[in-house]
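A closer look at the structure
Okay, here's what each chain looks like letter by letter:
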Amino acid sequence: PLDTQLIRQAAKNHAVMLSIEEGAIGGFAAHVMQFLCLEGLLDNGLKFRPMTLPDTWIEHGDYSDQLALAGLTASQIATNALVTLGKLEPKAVVNGVRR
């Protein structure tokens, strides 16, 4: 079950919310988004960005390489947060990496 109290508190006290999971589209982030929508928590400008594994084949290999291909490294997550906050231009980012 979702910790709805924590999600509600975070949504009311932050401008941006990222959901990061090593799962496919339609997992945890989908449940969080539905809760945010039903509670009206996206109505006042909260920006929500789900970060999940892409719906593409990722080759077997080194775990860190797989995360990089998926856009889920610490640097890529931080870049996504900065872009969403408006502190970094989206055109300065390619595949989640600053250029």
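A quick note: this is a predicted structure, and the numbers were derived from the prediction, not measured. (Residues numbered from 1 in each chain as written. Predicted model: local features only at pLDDT ≥ 70, side-chain atom pairs only at ≥ 80, totals over all residues. Heavy atoms only, no water.)

1. Digging into the confidence of the model for the protein chain
Fine structural detail should not be taken from predicted coordinates in areas where pLDDT scores are low. In the predicted model, the protein chain carries a mean pLDDT of 89, and 92% of its residues have values of at least 70. Per-element mean pLDDT across the protein chain ranges from 55 in strand β4 (residues 97-98) up to 97 in helix α1 (residues 4-13). (pLDDT = per-residue confidence, 0-100. Helix = DSSP H or I, 4+ residues; strand = E, 2+ residues; numbered from the N terminus.)

2. Focus: the environment of Glu-59
Residue position: Glu-59 is located in the loop between β2 (47-51) and α3 (63-70). Exposure remark for Glu-59: the relative accessible area of 52% places this residue in the exposed category. Along the backbone, Glu-59 and Leu-69 are 10 residues apart, and their C-alpha atoms lie at a distance of 9.3 Å. Side chain to side chain, Glu-59 and Trp-57 meet in a polar contact 3.1 Å long. (Buried < 20%, exposed > 50% of the residue type's maximum accessible area, 1.4 Å probe, protein only. Polar contact = N/O pair within 3.5 Å; in protein donor to acceptor, adjacent residues only side chain to side chain.)

3. Concerning the environment of Thr-56
Structurally, the position occupied by Thr-56 is in the loop between β2 and α3. With relative accessibility at 54%, the residue Thr-56 sits in the exposed group. Spatially, the C-alpha atoms of Thr-56 and Ala-24 are 9.7 Å apart, while their sequence positions differ by 32 residues.

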